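# Structural features, examined
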Amino acid sequence: MIGTISYLVFFATTASILAIAVLGLNLQWGNTGLFNGGVVAFFGAGAYGTLILGGTPQDGHLGGYGLFYPLALLGGMIAAGLMAWVVGLLTLRLRHDYLAIATFGVAVAFENLMRNAEWLAGGAKGVRGFERPLRDALGDGFLYNIAFFFTVLIILIAVYLFLERLVASPFGRLLRAIREDEEAAASLGKTPSRIRLTAFITGSVILGLAGGLYGTFYAFVSPQDVLPTLTFQIWAMLIVGGAGNNRGAVFGAFLIWGAWTASGWALSRFAPIEAQLYTGSMQFVLIGVVIVGMLMWRPQGLLPERLVVSQRGSKE
Amino acid sequence: MIQNLIDGVLTGSYLSLGAIGLTLVMHILRFANFSHAELLSLGAYAALVFDALVTALVPVLAAKLGPLSLTYALLIAILISMVLTGISAVLIDRLVFKRVREKGWELSMVFASFGMALIIRNVIGLIFGLSPELYSKDIAFAMILSRDPLILVKPDQVFVLIAALALMFVLHLILSRTTFGYALRAVAENPSLAQVNGVNLARTVTAVWLIGGGLAAVAGVFYGLSHQVIPVMGRDLVLPIFAATIVGGIGSVYGAVLGGFIVGIAGNLALVVLPSGYTPSIPFMLILIVLMIRPHGLFGEARA
Amino acid sequence: MPIWAHRSMPDPLLQVTGVTAGYVPDLPILHGVSLTAERGQITLIIGPNGAGKSTLIKAIAGLIPVSAGRIALEQQDVTHIRPDQLAAHGIAYVPQNDNIFRSLTIRQNLDLALRRAGGDATARRDRLLAQFPALDEKQRDKAGTLSGGQRQFLAIAMALATAPRLILMDEPSAGLSPKATAEVLDHARRLTADGVSILLVEQNVSQAMKLADHCYILAEGRNQVDGPAAELMGDKVVGEIYLGGRRMGAA
Ligand SMILES: Nc1ncnc2c1ncn2[C@@H]1O[C@H](COP(=O)(O)OP(=O)(O)OP(=O)(O)O)[C@@H](O)[C@H]1O
Ligand SMILES: [Mg+2]
């Protein structure tokens, strides 16, 4: 019994962290129409940043600054934001493809750097020696996990409320205006590239926050955590949930994470032993089919965007 | 150093072939096609299958061409693979991209292409297994061009370079000498004006996919000849090919050719100063440099 | 039915009746526009900026969807024509901007336009070039290097490549010097002598009026006034309202 509950808490914590990430992506893609092909890099920057800043001293690589935890987490978010700033500055003035390619490239380079640069973050071994905050008070067991889950949940709610207000604000209307018709927005005297940059950085900082929480949860991060897989998963969550709708984003995160976990479990349990090697391939095919299928048959997602101003709607 | 340069040129020859199709698709259909590199895998595996098939049916064709490890059977298989990969590219467009495009949401095509990349790559893995395959199990002996410094070139590599250059030359002739080529360039520059001048857009799109797919197939086989054929080759090639199109300027065929060689050479020269583990990051570095100093690439034009 | 829908001459070349069209569904720019172009004539369309002149031409050329009304060429329905089929119906279109391929050479531009012309394409290209000496000299240059007037001539030459019965010309004098404008418009007039009909949109009202046979005034996507060009030019009210540059109210 306690085993099931503790598994559920574990599942819900991971799903909530991913939901925060999906919310960040939703601001970029759903609300602003910015394609982030390297979600995992910003997520990873948050995780690595938090652990390096907040961890204990390590031999052979950067880190061990033992920063007060909230500051470490903030540092991780800033790292993600800085990366977004550089990429955005270089690409947001150009046609859409460039952002997609550059962000994809960032993710490749980020993983590559983390894997190879031992002096930076431990290379393939990853960053260890991070002590989870308040561990002395709460211990390492079930209690800690429950407490951590509620913290994540509160942060998720806070991010959700923040984004809901942002989207309803004049700034949010501006974002949609730019997404729908850049020229018209520009003719209103707004500079679309600056506004898009703001949205892109904000979304990336939220991705960094999710990454930081993820790193905290496992008290460990390695290049295995920043593989492109995560990018695809987070997208699938957003597309299935409904781009443009924050509630859809959260819903999609839980749904897809549940489906992913369940399919992995089912494949490992019921697939013949020779096929076990191919579990990953099968899951990827499924994710690809989900993405393509949703785009073709239900591009608005399960919970569509509520505002009906979009040209997309009218063209269908 | 010279060895790196030579290896870079050889890498460039298949990157260029891959980038040509990608740049055309990106320019004419206006989306970054992340599944283009999977056409290279598709072509490489199709050639593998037909090589085995032709060899089994007509054993005499298993003879090698001169000093090459390449057999007549493989040569025929490459031609078949070009056609099949071209047709696959057209089919993928009809079944997926065209439908998304017609919904009027251009940006979603990038998503669709990611999804297609995942599907193609992993279905190939499921069918052919995850371990690498080779076109020829014989060890190809390298020619020693010089002993000090030691410079080695395999006959296959020379063939790859010459064949790639020949294909590019044929494409150049088509683009610069035939009205079909003018029509392609016209559509790239101004689709609606091209239409008004009697160019059928749908047919041009089909032609672009056929050409892009055919060249991708050759590129995939050449990659396989130089390295090995693996299901994840698309994953490793997608960024270098994108880098080639950006360096050359999106939409420019000549830019893609030059960009491919630049990316190939840069990747190999980087080995002189950086550990080989960093090679996958080099294309991204090139993209950053180009975006900083010349965002529209060597031959590209600004286009919103 | 408005009078302009019934101009008296029998069997016109082009008959546009009550066309409603726009760029986005449910947002028409043209509201039931009608017009007639006679054989061998220059039919002029004028109107303030944003009146929908280019939109009308694009609707005829099949570049934007027509949601109501009918377009007929010699009694044959061409309302939902595909733009790449224009030439097959004897129509050519010279757009307002970007009407040549800058990255192709002059000769390649012409060869592209001649692609479906059949017969001896080289001979036809030479005949076209003979009409435009300025282009003949620069055959192998990129069209992007041409001057404004030369570009218009190239665009007109490309239109002529398919031996059309009707040429749709959208502001061929835009951005040209007065001298180049006169040359381009004169050339248009000479074409009608060879039996080609022209539907011309122009901002240079006074010059164009002198050439035109019949003239339509369009504003806010609707027909306003039409009549023989000579008559309209003499008409005080029309002259004052239009040439004064004030926006026309709804008729
Ligand atoms: N591509 C387009 N998409 C949406 N609306 C357009 C487009 N092109 C023009 N319009 C709108 O259609 C209306 C008519 O434009 P049109 O270009 O037909 O005017 P025009 O009479 O040719 O003016 P001008 O003298 O400036 O060329 C304008 O309100 C314009 O904003
Ligand atoms: Mg106009």
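Refer to the structure printed above.
Residues numbered from 1 in each chain as written. Chains lettered and ligands numbered in written order. Predicted model: local features only at pLDDT ≥ 70, side-chain atom pairs only at ≥ 80, totals over all residues. Heavy atoms only, no water.

## Here we look at the overall build of chain C
- A tally of regular secondary structure across chain C gives nine helices and ten strands.
- For 251 residues, the compact-globule estimate of 2.2 N^0.38 gives 18 Å, and the C-alpha radius of gyration of chain C, at 18 Å, lies within 12% of that figure.
- Judged by the C-alpha coordinates and their principal axes, chain C covers about 50 × 35 × 35 Å.
- Per-residue burial over chain C gives 54% buried out of 251 residues.
- When contacts within chain C are restricted to residue pairs at least 6 apart in sequence, those whose partners lie at least 24 apart make up 67%.
- By element, 51% of the accessible surface of chain C is carried by carbon and sulfur atoms, the whole surface being about 10900 Å². (Helix = DSSP H or I, 4+ residues; strand = E, 2+ residues; numbered from the N terminus. Rg over C-alpha atoms; globule rule 2.2 N^0.38 Å. Buried < 20%, exposed > 50% of the residue type's maximum accessible area, 1.4 Å probe, protein only. Contact = heavy atoms within 4.5 Å. Areas by Shrake-Rupley, 256 points an atom, 1.4 Å probe, with all protein chains shown as cover.)

## Some words on the overall build of chain A
- In terms of helices and strands, chain A carries 14 helices and zero strands.
- Listed N to C, the secondary structure of chain A is α-α-α-α-α-α-α-α-α-α-α-α-α-α in terms of helices and strands.
- Here the C-alpha radius of gyration of chain A, 20 Å, is about what a compact globule of 316 residues would show, namely 20 Å.
- Buried residues in chain A amount to 58% of all 316 residues.
- Of the contacts made within chain A by residues no fewer than 6 positions apart, 78% connect residues no fewer than 24 positions apart.
- When the accessible surface of chain A is totalled, it reaches about 13300 Å², and 68% of it is carbon and sulfur.

## Overview of the interface of chain B and chain A
- Contacts between chain B and chain A engage 47 residues on the former and 44 residues on the latter.
- Carbon and sulfur atoms make up 78% of the surface buried where chain B meets chain A, a total of about 4400 Å² over both sides.
- Area buried by chain B at its contact with chain A is led by Lys103(B), Trp105(B) and Phe111(B), which between them contribute 19% of it.
- Counting every contact that joins chain B to chain A gives zero salt bridges.
- Inspection of the region where chain B meets chain A yields five residue pairs in polar contact (both at pLDDT 80 or more).
- Counting only elements with at least two residues in the side of chain B that touches chain A, the list comes to α1 (2-28), α3 (72-102), α4 (108-128), α9 (233-248) and α11 (282-293) of chain B.
- In terms of residue count, α4(B) provides more of the side of chain B that touches chain A than any other element does, 13 residues in total.
- Across the side of chain B that touches chain A, the residue classes tally to 33 nonpolar, ten polar and four charged. (Buried area = accessible area lost by both parts, 1.4 Å probe. Salt bridge = Lys/Arg side-chain N within 4 Å of Asp/Glu carboxyl O. Polar contact = N/O pair within 3.5 Å; in protein donor to acceptor, adjacent residues only side chain to side chain. Nonpolar A, V, L, I, M, F, W, Y, C, P; charged D, E, K, R; others polar.)

## With respect to the coordination of the magnesium ion (ligand 2)
All names here are of chain C.
- Donor atoms from the polypeptide that bind the magnesium ion (ligand 2) are Ser54 (OG) and Gln96 (OE1), placed at 1.9 to 2.2 Å. You can see serine 54 sitting in helix α1 (residues 53-60) and its partner glutamine 96 sitting in the loop between β6 (91-94) and α2 (106-113), a full 42 residues away along the chain.
- You can call serine 54 buried: its relative accessible area is 16%.
- Judged by its relative accessible area of 23%, glutamine 96 falls in the partly exposed class. (Donors = N, O, S within 2.8 Å, 3.2 Å for Na, K, Ca; no water.)

## Focus: the pairing of strand β1 (residues 14-21) of chain C
Residues and elements named next belong to chain C.
- Of the strand pairs in this sheet, β1 and strand β2 (residues 30-37) are connected by five bridges, and their pairing is antiparallel. Pairing of valine 16 across the sheet is with leucine 35, part of β2.
- Taken together, the six bridges between β1 and strand β4 (residues 66-73) define a ladder with antiparallel strand orientation. Within the sheet, the bridge partner assigned to alanine 21 lies in β4 and is valine 66. (Pairing = 2+ DSSP bridges.)

## Some details on the site of ligand 1
Residue and element names in this part refer to chain C.
- Looking at ligand 1, there are 13 residues lining it, with Asn49, Gly50, Lys53, Ser54 and Thr55 nearest.
- One of the side-chain nitrogen or oxygen atoms of serine 54 is found 2.7 Å away from an oxygen atom of ligand 1.
- In isolation ligand 1 exposes 630 Å². Once the protein is present, 61% of that is buried.
- Among the residues forming the shell around ligand 1, the class breakdown is four nonpolar, seven polar and two charged. (Near = heavy atom within 4 Å.)

## Section: the packing of aromatic side chains
- Summed over all chains, the structure comprises 33 aromatic pairs over all chains.
- Look at Trp265(A) and Phe270(A): their rings are 6.0 Å apart centre to centre, the planes differ by 85°, and that puts the pair in the edge-to-face class. Accessibility classification places Trp265(A) together with Phe270(A) in one group, the exposed group.
- Considering the side-chain rings of Phe31(B) and Phe97(B), the 5.1 Å spacing of their centres and the 55° angle between planes classify their relative orientation as tilted. On the criterion of sequence distance, the pair formed by Phe31(B) in the loop between α1 and α2 (36-57) and Phe97(B) in helix α3 is long-range, its members being 66 residues apart. Here Phe31(B) and Phe97(B) have matching classes, each one buried. (Phe/Tyr/Trp six-rings, centres within 6.5 Å; stacked < 30°, edge-to-face > 60°.)

## Examining the pattern of salt bridges
Residues and elements named next belong to chain C.
- Scanning all chains against the criterion turns up 14 salt bridges over all chains.
- A salt bridge links arginine 125 to aspartate 111, with the shortest nitrogen-to-oxygen separation between them at 2.9 Å. Note that arginine 125 is positioned in helix α3 (residues 121-131) and aspartate 111 in helix α2, a separation of 14 residues in sequence.
- For arginine 125, a relative accessible area of 10% corresponds to the buried category.
- Under the relative-accessibility criterion, aspartate 111 is labelled buried at 13%.

## Some words on the environment of Ala112(B)
- Turning to its location among the elements, Ala112(B) is positioned in helix α4.
- With a relative accessible area of 0%, Ala112(B) lands in the buried category.
- Separated by 15 residues in the primary sequence, Ala112(B) and Phe97(B) have C-alpha atoms spaced 7.0 Å apart.
- Discounting chain neighbours no more than four positions away, the residues touching Ala112(B) are Val292(A), Leu295(A), Val96(B), Phe97(B) and Val100(B).

## With respect to the environment of Glu74(C)
Residue and element names in this part refer to chain C.
- Along the chain, glutamate 74 turns up in the loop between β4 and β5 (76-77).
- When near neighbours in sequence (up to four residues on either side) are disregarded, glutamate 74 contacts Pro12, Leu13, Arg39 and Arg165.
- Of note is the side chain of glutamate 74, whose polar atom sits 2.3 Å from the side chain of arginine 39.

## Notes on the packing of helix α1 (residues 2-31) of chain A against helix α12 (residues 246-270) of chain A
All names here are of chain A.
- Two elements in contact, α1 and α12, have axes whose closest approach is 8 Å; the angle formed by their N-to-C orientations is 135°. Comparing the axis directions of α1 and α12 gives the class oblique. The hand of the α1/α12 crossing is right-handed. Between α1, through Tyr7, Phe11, Ala12, Thr14, Ala15, Ser16, Leu18, Ala19, Val22, Leu23 and Asn26, and α12, the contact on the second element is made entirely by Asn246, Ala249, Val250, Ala253, Phe254, Trp257, Gly258 and Thr261.
- Partitioned by chemical class, the residues of the contact of α1 with α12 number 13 nonpolar, six polar and no charged. (Axes fitted to C-alpha atoms, helices over the stretch in contact; angles between N-to-C directions. Parallel < 35°, antiparallel > 145°, perpendicular 65-115°, else oblique. Left-handed = near helix turned anticlockwise from the far one by under 90°.)

## Quick word on the sheet that holds strand β3 (residues 42-46) of chain C
Residues and elements named next belong to chain C.
- With mixed pairing, the six strands of this open sheet are ordered in space as β6-β7-β8-β3-β9-β10. Each of the sheet's edge strands pairs with one partner strand only, and the pair in question is β6 and β10 (222-228). If you compare each strand with its neighbour and ignore which way they point, the axes differ by 15° on average.
- As paired elements, strand β7 (residues 166-170) and strand β8 (residues 197-201) share five bridges and run parallel to each other. Bridge assignment links isoleucine 167 to a residue of β8, and that residue is isoleucine 198.
- Relative to β6, helix α5 (residues 148-160) is tilted by about 165°, and along the sheet it contacts β6 and β7.

## Details of a negative patch on the surface
Residues and elements named next belong to chain C.
- A cluster of acidic side chains, namely Asp120, Asp126, Asp136 and Glu137, defines a negative patch on the protein surface.
- For glutamate 137, the location among the structural elements is in helix α4 (residues 133-137).
- Accessibility expressed as a relative area gives 69% for glutamate 137, which makes it exposed. (Patch = residues over 30% accessible without salt bridge, like charges linked within 9 Å, V, L, I, M, F, W, Y side chains within 5 Å. Lys, Arg positive; Asp, Glu negative; His and termini not counted. Charge placed at Lys NZ, Arg CZ, Asp CG, Glu CD.)

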